[in-house]
Each structure stands twice: as structure tokens, then as C-alpha cells.
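# Descriptive analysis of the structure
Spelled out from the first residue to the last, the chains are:
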Amino acid sequence: MASQSTIADESDRRFRLLGLASDIDFALHWPLRYEDWTRLTPLKNVYDGQILQCDLKIISVQPPSRGKQTCRVVGADASGVSLGLTFFKVYPSQLAQWQPGKHMRVQGEVKRGVLGLDMLHPHVRLIKGFGAPLEKHLTPVYPSTAGLSQWALARAIAQSLDRLDWPEPVSASMLQQALGLDHPLPTMLTALRFVHRPPAGVDIAHLAEKSDPHCLRVLCDELLAQQLGLQRARIRRASRAAPIMGREKAGLARAFSCLPFQLTRAQQRVLAEITEDLSRAIPMHRLLQGDVGSGKTIIALLAALQAIDDGYQVALLAPTEVLADQHAAKCLPLLEKLGIRTAKLTGGLKESEKRRLRDSIARAELDLVFGTHALLEEKVRFANLGLAIVDEQHRFGVRQRLSLRHKRDDGMEPHLLMMSATPIPRSLAMSYLADLDVSVIDELPPGRSPIRTRLLQASRRMDLMRWVRQEVEASHQVYWVCPLIEESEALDLRHAQESFAQLKDALPEADGILGFDDYSDIAQKLNQILKGTRPKAPVAQDRRLLLPISPSQRTTKNTKKFNRFRLDEKFVAPLKLASGCDRRCTFCAI
């Protein structure tokens, strides 16, 4: 009895590793794929590359020999057609069962070779003989963990489905009407049983695509549960208290008078939405979305000034020290004019300097603190945090962002403004970000030069090199962005070192630098170039090292940029902004 209890406890532990605790958890544990053990294919009718299942009588077994790991089994089906089976690894227990004269059911891909039909490492089941009954359902293959067999998972899921009494929050007819379907959807319990035991003859492709009506019903309920959960989060947030801001307008008015430009209509609209949120006594959770160069930072800064005017502190959180430096450099000129006390807290500082800044923050001697993940440490306590601004919010975990709410000791929660340059469709934002209010800056400031993007085939690489030569000779700058810094054994991609050597050979008269994985060194070198030395340099660098270029230092030079490998827009966008500040047209070749 003790042994059985120990086995059960170990099984429960492994189930918990997969997040399986309740009957509902087991019922929603979706199969990765399905295997079809419901039909046999005669070997006389097969074609090369066909995936099939057949019954064999074992004719011979050639076990692994010394220095050879493979095992060779030859069998024949009921019609006498032979099939060779090659196994790359077998266990002694399997060899003991695979004896000539025994029968097995195999499933795999058939290849026609010199020696006839062959299968490489197929799935095998022992059977009593030809005519053994077939499975009546497709066999699901589940996500599992070490020590947990598919048989144990399938049995536990089947038992859960037998016990489960699933409530129907939405009727099938209501879903049919809402989705505009011409056929009714099954009940949730019927759909779950179908997903875990599809009958023979069901199209596996439809199951894989989740386009079957039974799959659609489960997906609808999962989406509904997600939406209800987000709405509950919004209701809980509305029950919490937050500081009211925006009563004092003097600092904001001074900031507007110091700006050398006018806000766009989109910026004015978004600022009004944020101002309204800050004037309420419930915490703001707003996502500020806009393209690179659309003016998100100045909006965040104007929101911060409203909090500071009312006596609250502000934290501006960035994912990297380089980006935190960038924000500080851009905002500092305006903040100094307004007399705002600022500091920067990052992980790269000495411990003594960190301690001094933490003490200043706790004593309310700082109004606005720029920082990285170091601001999230438990040691950092704000005297009166009113607004937290998170840039590139997708680079932080949900718990990291929400940990900012515990930086106050009076039970109130600071307002939260998140920024992202990643385009998020409205339909996705409404579903996945239902607990957030979304503001979009959909208008760029006037005077931006057009950016032309071209997709080139690899065969036109020499044409691209000739065009680069023309740009270098015209004293224009070129950035050549690569997906890797150096050669990789795992990835067959061009790397920066190789591209830099090719550029130096093709353009010996150009003075270039090779960026590597040292942010401070890259920032220093590129800032020197962009500040005034103006070399005719092609620059090869890893795609992660684009962000160290500060926008405030990218306002005077026309830049041509190229990357042969498809990069995320967040890596290419800073270079686009670098040249978009110039009046001349910019090209981006991919």
C-alpha cells in the first residue's frame, strides 16, 4: 500500500509540472498531434514516401553488433510482401519480444530502395496475429514530461472527462449566431471528448489546424474565459485607489513654452486621454503605441510633469542601460530648464552610488528617476511614487511591470503608462489587452523624409555593393546590419565579421568600424561618427546593437542602410529614424 501511495504521489508531482491539478486542467490539456492506428494499408499498393500502417510477421532479426548501434528487422504482411525495418536504438526488452514468427503492427514512412521496401525507426506495437482488431479512435499524443508516459496521461484525461460536469456559460445556438455559422456547434463536453478521442476517419489536418467544429467550440470557450478574466482584472483595478493629478498646470504650461515645436493632432489627442486618466482616483493602465519617431517620449514626459507638479515622483523604466541613457539625454535639456530633479539608476552603477540614489529616492529628493530593472529591486522604495512609465513594455514580464504598484507604502497604486513601437492591430489589442486602455499616435511630425524599403534577392548582392560604392563616394553613410556577430555552427547565416571583411575588400578607400557585443564601445564609436567626423564608412554590426545610437545625435546626416536578413522592425526602425530626420530620401534594402 505504501508503495502504491508513493507511485501515486510521484505521478501527481509530474502532473503538477504540466499544470494539471483539476479535472478541468486535464480536460483542457490539448494534444500536440494525432496518430492514426485505425486502418491498414497492403504493402503491394504503397508508393515511395507514403506514411502508412501495416501488420507484419517477423521473418528475421539482426540485433546490434559490436561497433554498430542499428537493429534490422525484416517482416512480411499477409500478402507476402516483405518490409525491412531499421531501428537506430533498441532495448534488450524489445529484442526479447521481437522473435521470428511473432507479429507486430508498424507505422511510419515507406521508402523504396535497392533492397526493396524499408521503414526507418517506425512506431511498433506487438499484436497476436493478422486480423488483430484496430483502434476505433485516433490516438492523441500529448505534451508530457520526463517519467510520464502517454498511456498514463491518456488514462488520467479519460478519467477526468468521465467525472467532469462542465457548465455551459454560453449556449451552442448563441455561439452559432454570434459567429455567423450555418451549422450548430456541439456542447463543450461533447467537443472535449471529441478532441481527446476523435473517431476513425476524421481528417487529421483539420484537427491540426483546429478548424473542426469541435475544436472551434473549445477555442471559443477558452477565448471567452480569457476575456472574462481580463474584465475581472479591470474591475479589481477600478476598486483600487490612485493619486489624483493634473490640478496644477503651471509646470505643464512652462514645458509647452520651452518646446521648439508644436504637438501633432495625434499627440494632443493622446495627451488629453492620459491627462483624463491621471485626474481620476483609480489607477491608469494605458498602452501608448506609436511608430519610432512619432513622439511618444515627449508625451510621456508631459504626463510626468503633471505628476511632478502635484508633488509626486515618477519612474521611467527602460529595458537596457543604453535606452535609459538615451531617454535621459533627450529629456534632460527640458527638465533642467524646469528645475526638475533627476537621476539615473541602472545595474552598471557601483553599489555605493546605488545606495546613495536609493536613499535620495526614499527621501523624495528626486522627482524623476530613469532606470532599468534595477528600479524593480525590493530595496528601491519611493517616498511618493505617482506615475510609472515603462518603455518597450514587451521586454518586461507582467509581474515585473505590476511590481511597481508595491513601491508605495500607503496602499495607493501609482498610475502606469506603457509605451511600445510594435504595431498592434486594434482587434488584437481589444482581445489580448482588454485590461489596458490603448492610445495610438498615428501621425508623424512634419518634415520627416520618405524612407524607401526594397527587398532584394541574394543574387543581386553585387548590384547592391556597386550602389554602396556610389553612396560612399557621395560622402553618405551606410549601415550594413547582420543577424549574427560571428560565425555560428548552429546557424548558416552571414555574420558581421564576414560582411565587414568583404566590405573592406570591395571598398578599401572607406574607413569603417565593426560593431561587436559591447554596448558602451559601440555607442562611443557611433556617436563620434555621427557627431562630426563624418567618415565615408560602411558599418557592419549585429542587429542587437542598433539601439545604442541616440536619436538626439542622429539629426544631421543622411544615412543609407542595408540588411540582407529579415530583421524585426524594432531593430531597423532606429536607423530609419536616424536618416528620417534629414530632408533627403533614405533607402533601406532588405
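Everything numeric in this text was worked out from a predicted model, so none of it was measured. (Residues numbered from 1 in each chain as written. Predicted model: local features only at pLDDT ≥ 70, side-chain atom pairs only at ≥ 80, totals over all residues. Heavy atoms only, no water.)

### What to know about the overall build of the protein chain
On a plain count of helices and strands, the protein chain comes out with 19 helices and 21 strands. For the protein chain, the residues scored as buried account for 46% of the 590 residues in total. Taken as a whole, the protein chain presents about 30600 Å² of accessible surface, with 54% of it coming from carbon and sulfur. (Helix = DSSP H or I, 4+ residues; strand = E, 2+ residues; numbered from the N terminus. Buried < 20%, exposed > 50% of the residue type's maximum accessible area, 1.4 Å probe, protein only. Areas by Shrake-Rupley, 256 points an atom, 1.4 Å probe, with all protein chains shown as cover.)

### Here's the deal with the sheet that holds strand 11 (residues 342-345)
Strand order in the open sheet formed by 7 strands is 11-12-10-13-14-9-15, with parallel pairing between adjacent strands. Single-partner strands in this sheet number two, and they are strand 11 and strand 15 (437-441). Strand-to-strand twist of the sheet, defined as the mean angle between neighbouring strand axes without regard to direction, takes the value 20°. Sheet topology note: the strand 11/strand 12 (residues 368-371) ladder contains 4 bridges and is parallel. Its bridge partner being in strand 12, A343 is matched across the sheet by V369. Strands strand 9 (285-290), strand 13 (385-391), strand 14 (415-420) and strand 15 of the sheet are contacted by helix 10 (residues 265-278), whose axis makes an angle of about 155° with strand 15. (Pairing = 2+ DSSP bridges. Axes fitted to C-alpha atoms, helices over the stretch in contact; angles between N-to-C directions. Contact = heavy atoms within 4.5 Å.)

### Let's talk about the pairing of strand 13
For strand 13, a buried count of 7 out of 7 residues is recorded, marking the element as mostly surrounded by other parts of the structure. Sheet topology note: the strand 10 (residues 313-317)/strand 13 ladder contains 5 bridges and is parallel. Of the residues in strand 13, the one forming a bridge with Q313 is L385. Judged from the 5 bridges that link them, strand 13 and strand 14 form a sheet pairing that is parallel. Paired with D391 across the bridge in strand 14 is M419.

### Focus: the pattern of salt bridges
In this structure the tally under the stated criterion is 23 salt bridges. Close ionic contact of K111 with E109 constitutes a salt bridge, the shortest N to O distance being 3.4 Å. When its relative accessible area of 42% is taken as the criterion, K111 is described as partly exposed. Here R217 ties to D221 by a salt bridge, and the two come within 3.1 Å at their closest N and O atoms. Highlighted residues: R217 and D221, both in helix 8 (residues 213-238), separated by 4 residues, approximately one helical turn. (Salt bridge = Lys/Arg side-chain N within 4 Å of Asp/Glu carboxyl O.)

### A few points about the packing of aromatic side chains
In the structure shown here, the tally under the stated rule is 2 aromatic pairs. Arranged with centres 5.0 Å apart and planes meeting at 80°, the rings of F15 and F26 form a pair that is edge-to-face. Of this pair, F15 sits in helix 1 (residues 2-17) while F26 sits in helix 2 (residues 23-27), and the two are 11 residues apart along the sequence. Summarising the aromatic geometry, the rings of F87 and W98 are spaced 4.6 Å apart at their centres and angled 35° between planes, so their arrangement reads as tilted. Placement of the pair is F87 in strand 4 (residues 82-87) and W98 in the loop between helix 3 (92-97) and strand 5 (103-113), with a sequence separation of 11 residues. Judged by its relative accessible area of 3%, F87 is buried. Lying across the ring of W37, R125 places its NZ or CZ 4.2 Å from the centre. (Phe/Tyr/Trp six-rings, centres within 6.5 Å; stacked < 30°, edge-to-face > 60°. Lys NZ or Arg CZ within 6 Å of the ring centre and 35° of its normal.)

### Considering helix 5 (residues 172-179)
Every buried residue belonging to helix 5 is among A172, L175 and Q176, and all of these are buried. Along the long axis of helix 5, the arc covered by the buried residues comes to 100°, so they all point the same way. Projecting away from the buried face of helix 5 at angles above 90 degrees are the exposed residues S173, Q177 and A178. On its buried side, helix 5 packs onto helix 8. In the stretch just after helix 5, G180 is the one whose phi turns positive, near 70°. (Arc of directions from axis to C-beta.)

### Let's talk about the nonpolar core
Counting 38 residues, the largest nonpolar core has I299, L387 and I389 as its most contacted members. Counting residues per element, the ones that place at least two in this core are helix 9 (250-258), helix 10, helix 11 (296-309), strand 10, helix 12 (321-338), strand 12, strand 13 and strand 14. Ranked by residues supplied to this core, first place goes to helix 11 with 10 residues. Counting residues in hydrophobic clusters, the runner-up holds 26 residues, among them L138, L161, W166 and L207. (Core = buried A, V, L, I, M, F, W, Y, C linked by side-chain atoms within 4.5 Å.)

### Remarks on the packing of helix 6 (residues 188-196) against helix 8
Two numbers describe how helix 6 lies on helix 8: the axes approach to 8 Å, and their chain directions differ by 120°. When the interaxial angle is binned, helix 6 and helix 8 end up oblique. In this structure, the crossing between helix 6 and helix 8 has a hand that is left-handed. On helix 8, the residues touching M188, T190, A191, L192, F194 and V195 of helix 6 are H214, C215, R217, V218 and D221. Among the residues making up the contact of helix 6 with helix 8, the classes are represented as 7 nonpolar, 2 polar and 2 charged. (Parallel < 35°, antiparallel > 145°, perpendicular 65-115°, else oblique. Left-handed = near helix turned anticlockwise from the far one by under 90°. Nonpolar A, V, L, I, M, F, W, Y, C, P; charged D, E, K, R; others polar.)

### Some remarks on unusual backbone geometry
Even without glycine at this site, H121 takes up a positive phi of about 45°. Tracing the backbone shows H121 in the loop between strand 6 (116-120) and strand 7 (123-127). Judged by relative accessible area, which is 40%, H121 ranks as partly exposed. In this structure, K210 is a non-glycine residue whose phi angle is positive, near 60°. Relative to the assigned elements, K210 resides in the loop between helix 7 (204-209) and helix 8.

Geometry only, nothing functional implied.
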